[in-house]
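Chain by chain, the residues:
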Amino acid sequence: MIDKSGDIISTTLSTSLTLSLPSAVGRHVTKYLVRYEDRCGRLLVAATDIRAGEQVFSDIAAATGPDNNPRPVCLVCCARLVRGHVVTCHSCGWPLCSAACRENIGPHHRECELFRNHGIKFDINDMKTTCPSYNAIMVLRLLWLKDNDQETWEKIDMLMDHREDNAQETTNAEERVITFIRVFCRLSQFSRDLVLRVIGIIDTNSYIIGENKNKNVDIQGLFPTCSIINHSCQANTVCFATDDFRFICRAVADIPRGAEITTNYLYYQYHSFGNTYRVSELQDYWHFTCTCARCADPGELGAGVDRVLCSACGQHTLTPGHGPWHYSASPWSCHTRHCSNTEPGSEIATRIDETWNFLQENVWTNLSGQISILESLLPFYGDRHYDVMEVKRRMIELIGVDDHSYDIVDEGILEKKLVYCKEHLKLCDILTPGLTEYRAYLSFHYAETLHAMMSRGFMKSDPEALASLEDHLDTVIRIWSDYRQGSLEREKVELAEILKQEINSQLPGSTISCTENAVRNFA
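These numbers come from a predicted model, not from an experiment. (Residues numbered from 1 in each chain as written. Predicted model: local features only at pLDDT ≥ 70, side-chain atom pairs only at ≥ 80, totals over all residues. Heavy atoms only, no water.)

Undergrad: Would you mind going over the side chain of Arg 278 with me for this structure?
TA: Take Arg 278: it is sitting in helix H7 (residues 275-286). Accessibility expressed as a relative area gives 1% for Arg 278, which makes it buried. Engagement of the side chain of Arg 278 in a polar contact is seen with the side chain of Glu 300, the distance being 3.1 Å. (Helix = DSSP H or I, 4+ residues; strand = E, 2+ residues; numbered from the N terminus. Buried < 20%, exposed > 50% of the residue type's maximum accessible area, 1.4 Å probe, protein only. Polar contact = N/O pair within 3.5 Å; in protein donor to acceptor, adjacent residues only side chain to side chain.)

Shown next as structure tokens:
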């Protein structure tokens, strides 16, 4: 139960713990509460009704740094280091990319302070040699908090590391990080177990928040509040990085007061995938089995993205068994009215796994190759299975670029892309409703193709078509406009704004001029 008393919002938790938070900081009303439940530990719930598109909160990173990547990078801006073009930190000797980064060391000050206090001076001469010490940087930046920012450290120390789920021995990479911190750097105040715990916290909770200017190094961040949000395959929020690398949590659907705030841990192109894919990914990377309403329904809320061919009736109605267990563990059954056929889950699982491995081996196959793959999958998987839809998504990406650019591709190919976009958008309405990233992604491709059809005279630019085009462009702008400058999403917003300006300059019924050059610039 949530009630208000003066300036305090109070909630009684499921384990008899009562948490009280200030209802406002200045003029900002707190929209969430931290709650504890035995099923999952800490979680966030809405302290008030939250509308789709509203910002729930903004989170500041406890630490940022290069993603697990052993090649030498500047610890200030994450630029790749090139032999002969480096300077060294005045205090610790660590190589940096420029005098500007040496004078303003920013995030490097944490590990630099630890090195300086323990008399560590570095001399790394060969920038092309693998240097495992770079994998220790994010760990050191979090360990620095222990003695310098106790409040933030306590928030980080409450996060899950899933070490208990990793029964295997410590990896070689982890051993190198431990040796670098405790032996080479002589930071023995950080125990072996503590270093391993921080590694686990990073692996479980960090986000990729962007890349360096040359887009050849991913940057990761650990956000204390965002890390509390639980996963749902029908999440009600999305989290994204802004220009200053803050993380924004924004509602993609209306969230009633008292409801759990959730996000989807998977990359958005996988949000429409069936549970036969999701169950393994979530278990392998985050060590849990999702029990959301979508995962509990073998029919995927009517989308049928897991169904395959029934050998008895010939329909694509063979469906996994009920329950959150692995799809190989129980028989699959036919869901047509006059068929009661069942087939071993283990056999179907083998075929599904083989198909996915084949698709992964052919990620970069050209358009004609993807068409052949699609035709080979249809007999067993039908036209809505997520493997089939993934091939269609790859075709969506290929149509409009390189040898199939919008100014030369056949009308029939453009129409095919529009059809596939519509099919994905229908799945989006069922499986990932609201102002989701996947909707923005699909709307951009749909609008871009619609624009090409009009510009080449394959479709009249009548008021109805123009309105549809503008609606999809508005969707892209609304969902992605606050994303970090330089990100792929923000670049799509810039192109959407160009196309929208062009639409607004057109008279009803006129032919839209081609902006092929603009499309190429942003592709």
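Undergrad: Could you clarify how one ought to interpret the sheet that holds strand E6 (residues 32-37) in this entry?
TA: Remark on secondary structure: sheet strands pair via backbone hydrogen bonds, oriented parallel or antiparallel. Strand order in the open sheet made by the four strands is E6-E7-E17-E14, with mixed pairing throughout. If you trace the sheet from one side to the other, it starts and ends with E6 and strand E14 (230-231), each paired once. Here strand E7 (residues 41-46) runs beside strand E17 (residues 260-263); their pairing, made up of two bridges, is antiparallel. Its bridge partner lying in E17, Leu 44 is registered against Ile 261. (Pairing = 2+ DSSP bridges.)

Undergrad: Before we go on, may I ask you to explain the packing of helix H10 (residues 386-398) against helix H12 (residues 437-455) in this structure?
TA: Contact geometry for H10 and H12: axes closest at 10 Å, N-to-C directions at 50°. The angle between H10 and H12 places the two elements in the oblique class. Here H10 runs over H12; the crossing is left-handed. On H12, the residues that touch Arg 393, Ile 396 and Glu 397 of H10 are Tyr 438, Tyr 441 and His 445. Looking at the contact of H10 with H12, its residues break down into three nonpolar, one polar and two charged. (Axes fitted to C-alpha atoms, helices over the stretch in contact; angles between N-to-C directions. Parallel < 35°, antiparallel > 145°, perpendicular 65-115°, else oblique. Left-handed = near helix turned anticlockwise from the far one by under 90°. Contact = heavy atoms within 4.5 Å. Nonpolar A, V, L, I, M, F, W, Y, C, P; charged D, E, K, R; others polar.)

Undergrad: Looking at this model, I keep getting lost on the packing of aromatic side chains. Mind explaining?
TA: Geometrically, a pair of aromatic rings is defined through the distance of the ring centres and the angle of the planes. What the rule picks out here adds up to 30 aromatic pairs. Seen from their ring centres, Trp 94 and Tyr 134 are 5.3 Å apart, and the 80° between their planes marks the pair as edge-to-face. On the criterion of sequence distance, the pair formed by Trp 94 in the loop between strand E10 (87-88) and strand E11 (95-96) and Tyr 134 in the loop between helix H2 (109-117) and helix H3 (137-148) is long-range, its members being 40 residues apart. Members of the aromatic cluster, each reached through a chain of ring pairs, are Phe 240, Tyr 267, Tyr 268, Tyr 438, Tyr 441, Trp 480 and Tyr 483. (Phe/Tyr/Trp six-rings, centres within 6.5 Å; stacked < 30°, edge-to-face > 60°.)

Undergrad: What exactly am I supposed to notice about the pattern of salt bridges here?
TA: If charged atoms from side chains of opposite charge come close, those side chains can pair. Taken as a whole and judged by the stated rule, the model has 20 salt bridges. For Arg 278, the salt bridge identified is with Glu 300, shortest N-O distance 3.1 Å. You can see Arg 278 sitting in helix H7 and its partner Glu 300 sitting in the loop between H7 and strand E18 (318-319), a full 22 residues away along the chain. When sorted by exposure, Arg 278 lands in the same class as Glu 300, which is buried. Members of the salt-bridge network, linked through shared partners, are Arg 35, Glu 37, Arg 39 and Glu 260. (Salt bridge = Lys/Arg side-chain N within 4 Å of Asp/Glu carboxyl O.)

Undergrad: In this structure, what is going on with the environment of Lys 146? I would like to understand it.
TA: Take Lys 146: it is sitting in helix H3. Accessibility expressed as a relative area gives 33% for Lys 146, which makes it partly exposed. On a C-alpha basis, the gap between Lys 146 and Asp 157 in space is 9.3 Å, while along the polypeptide they are eleven residues apart. In contact with Lys 146, other than residues within four places in its own chain, are Trp 153, Phe 190 and Leu 194.

Undergrad: Just to check I follow, could you spell out helix H5 (residues 172-184) for this structure?
TA: A turn of α-helix holds 3.6 residues, and therefore any two residues three or four places apart point the same way. Of the positions making up H5, those classed as buried are Glu 174, Val 177, Ile 178, Phe 180 and Ile 181. The arc enclosing the buried residues of H5, seen along the axis, measures out at 160°, which places them on a common side. Along H5, exposed side chains directed more than 90 degrees from the buried face belong to Asn 172 and Val 183. In this fold, the buried residues of H5 make contact with H2, H3 and helix H6 (192-205). (Arc of directions from axis to C-beta.)

Undergrad: I would appreciate a short explanation of the packing of H2 against H3 in the present structure.
TA: How two helices sit against one another is set out by the angle between their axes and by the gap between those axes. Where H2 contacts H3, the axes come no closer than 8 Å and their chain directions differ by 75°. The orientation of H2 with respect to H3, classified from their angle, is roughly perpendicular. Within the contact between the two elements, H2 uses His 109, Arg 110, Glu 111, Glu 113, Leu 114 and Phe 115 and H3 uses Ile 137, Leu 140, Arg 141, Trp 144, Leu 145 and Asn 148. The residue makeup of the contact of H2 with H3, split by class, is six nonpolar, two polar and four charged.

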